[in-house]
Amino acid sequence: MSTLMEIEEAAAQLPSPDFVQLLEDLHDLATARVALGELTKDPTATVGWDQLKRELDVLHG
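Note that the coordinates shown come from a computational prediction; the quantities given were computed from them, not determined experimentally. (Residues numbered from 1 in each chain as written. Predicted model: local features only at pLDDT ≥ 70, side-chain atom pairs only at ≥ 80, totals over all residues. Heavy atoms only, no water.)

Participant: So what's going on with the overall build of the protein chain? Residues and values would help.
Facilitator: Looking only at helices and strands, one finds 3 helices and 0 strands in the protein chain. The linear arrangement of helices and strands in the protein chain, starting from the amino end, is α-α-α. Relative to its length of 61 residues, the protein chain is extended, with a C-alpha radius of gyration of 15 Å against a globular reference of 10 Å. Taken along its principal axes, the extent of the C-alpha atoms in the protein chain is 45 × 30 × 10 Å. (Helix = DSSP H or I, 4+ residues; strand = E, 2+ residues; numbered from the N terminus. Rg over C-alpha atoms; globule rule 2.2 N^0.38 Å.)

Participant: An account of the environment of L52 is needed here, citing residue identities and associated values.
Facilitator: With respect to the helices, strands and loops of the structure, L52 is situated in helix α3 (residues 49-59). Expressed as a C-alpha distance, the spacing of L52 and T31, which sit 21 residues apart in the sequence, is 7.7 Å.

Participant: Give a detailed account of the packing of helix α2 (residues 16-41) against α3, specifying residues and quantitative values.
Facilitator: Between α2 and α3, the least distance of the axes is 10 Å, while the angle of their chain directions is 165 degrees. With respect to their mutual orientation, α2 and α3 come out roughly antiparallel. Both α2 and α3 take part in a crossing whose hand is right-handed. Between α2 and α3, the residues in contact are H27, D28, T31, A32, A35 and L36 and W49, L52, E55, L56 and L59, respectively. Partitioning the contact of α2 with α3 into residue classes produces 7 nonpolar, 2 polar and 2 charged. (Axes fitted to C-alpha atoms, helices over the stretch in contact; angles between N-to-C directions. Parallel < 35°, antiparallel > 145°, perpendicular 65-115°, else oblique. Left-handed = near helix turned anticlockwise from the far one by under 90°. Contact = heavy atoms within 4.5 Å. Nonpolar A, V, L, I, M, F, W, Y, C, P; charged D, E, K, R; others polar.)

Participant: Now, about the pattern of salt bridges: what can you tell me, with residues and values included?
Facilitator: Scanning the model with the defined rule gives 1 salt bridge in all. With its nearest N and O atoms 2.8 Å apart, the salt bridge here joins D57 to K53. You can see D57 and its partner K53 sitting in helix α3, 4 residues apart, about one turn around the helix. Residue K53 is classed as partly exposed on the basis of its relative accessible area of 49%. (Salt bridge = Lys/Arg side-chain N within 4 Å of Asp/Glu carboxyl O. Buried < 20%, exposed > 50% of the residue type's maximum accessible area, 1.4 Å probe, protein only.)

Rendered as structure tokens:
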């Protein structure tokens, strides 16, 4: 697994559109991780996939 510093160094070398896409992808992963974390805390919980999809759609305009 990469360290934060390695990710930052690699991201800084990306062309602007790719850097923006990387930030969007990282935010998507963080949003999904929160949703999946709910399952870890309570295996009987349900993830509001429609809500998660709406959140991701909003992020991408």
